[in-house]
Amino acid sequence: LNNTIVAIELYLKSLGAVTIYTTNPGFPGVSIVTAKAEVKIHGLIAILESIPDDVRQFLEQAYAAKHTGRMLREDLDQYEGLFAASRYAFEKGNKPDKYPLSPLMDLCSFLQDFISEMKAFT
């Protein structure tokens, strides 16, 4: 559960990440390219809302098209709190078993496919 929710979080954060170009001192004119997530939180809905509007709308439309009658925001919402519950499953009150596994895996697979097939936004 923890690995899957972390993967989902990172997939979502990657959609809102900014590209950083750092000059490579050993190679003039060549940059080291990295990315930086814009948000430093674990809340899935907050991360979703931090994604630029055009990308988020495209993501939500693609999800709705693939999952008739389901909305990405609602499916993500049912997993709010899973990061802490699965990471600290030994703590009293955490119940990671309340989170259904199959829809979680589907979310992760969808995001993997979406990102791997995504064209660059400009």
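Residues numbered from 1 in each chain as written. Predicted model: local features only at pLDDT ≥ 70, side-chain atom pairs only at ≥ 80, totals over all residues. Heavy atoms only, no water.

Engineer: Explain the packing of aromatic side chains to me, please; I cannot follow it from the model alone.
Structural biologist: Each aromatic ring pair is summarised here by two numbers: the centre-to-centre distance and the angle between the ring planes. Considering all chains together, one arrives at five aromatic pairs under this definition. Judged by centre distance (4.9 Å) and plane angle (85°), the rings of Tyr63 and Phe110 are edge-to-face. Here the residue Tyr63 occupies a position in helix 3 (residues 53–66), and Phe110 occupies one in helix 6 (residues 101–117), the gap between them amounting to 47 residues. According to the relative accessible area criterion, Phe110 is buried, its value standing at 5%. Grouped by ring-pair contacts, the aromatic residues Phe58, Tyr63, Phe110 and Phe114 constitute a single cluster. (Phe/Tyr/Trp six-rings, centres within 6.5 Å; stacked < 30°, edge-to-face > 60°. Helix = DSSP H or I, 4+ residues; strand = E, 2+ residues; numbered from the N terminus. Buried < 20%, exposed > 50% of the residue type's maximum accessible area, 1.4 Å probe, protein only.)

Engineer: For this particular structure, what's the right way to read helix 3?
Structural biologist: Helical periodicity: at 3.6 residues per turn, an α-helix aligns residues three or four positions apart in one direction. A rise of 1.5 Å per residue sets the reference length of helix 3, with its 14 residues, at 20 Å; its end C-alpha atoms lie 20 Å apart and thus fit the reference within 8%. Within helix 3, the full set of buried residues consists of Val55, Arg56, Leu59 and Tyr63. Along the axis of helix 3, the buried residues cluster in a sector spanning 100°; they form a single face. Pointing more than 90 degrees away from the buried face of helix 3 are the exposed residues Gln61 and Ala65. (Expected span 1.5 Å × (residues − 1). Arc of directions from axis to C-beta.)

Engineer: Can you walk me through the nonpolar core in this structure?
Structural biologist: Among soluble globular proteins, nonpolar side chains are generally buried collectively. Formed by 26 residues in total, the largest nonpolar core has its most connected members in Ile5, Ile8, Leu12, Leu59, Leu76 and Tyr79. Those elements that provide at least two residues to this core are helix 1 (2–15), helix 2 (44–50), helix 3, helix 4 (72–77), helix 5 (82–87) and helix 6. Among the elements that line this core, the one with the most residues is helix 6, at six residues. Sequence-distant contacts of Ile5, that is, excluding residues within four places in its chain, are made with Leu44, Tyr79, Leu82, Phe83, Ser86 and Leu104. (Core = buried A, V, L, I, M, F, W, Y, C linked by side-chain atoms within 4.5 Å. Contact = heavy atoms within 4.5 Å.)

Engineer: What exactly am I supposed to notice about the packing of helix 1 against helix 6 here?
Structural biologist: Axes are the key here: two packed helices are described by the angle between their axes and the distance separating the axes. Put simply, helix 1 and helix 6 touch, their axes get as near as 9 Å, and they point 35° apart. Judged by the sense of rotation from one axis to the other, the crossing of helix 1 with helix 6 is left-handed. Touching Thr4, Ile5, Ala7, Ile8, Tyr11, Leu12, Ser14 and Leu15 of helix 1 are Leu104, Met105, Leu107, Cys108, Leu111, Gln112, Phe114 and Ile115, all from helix 6. Along the lines of polarity and charge, the residues of the contact of helix 1 with helix 6 split into 13 nonpolar, three polar and no charged. (Axes fitted to C-alpha atoms, helices over the stretch in contact; angles between N-to-C directions. Left-handed = near helix turned anticlockwise from the far one by under 90°. Nonpolar A, V, L, I, M, F, W, Y, C, P; charged D, E, K, R; others polar.)

Engineer: Would you mind showing me how to read the environment of Thr23 here?
Structural biologist: Secondary-structure assignment places Thr23 in strand 1 (residues 18–23). For Thr23, a relative accessible area of 61% puts it in the exposed group. When the C-alpha positions of Thr23 and Val33 are compared, they lie 8.9 Å apart, and in sequence the two are 10 residues distant.

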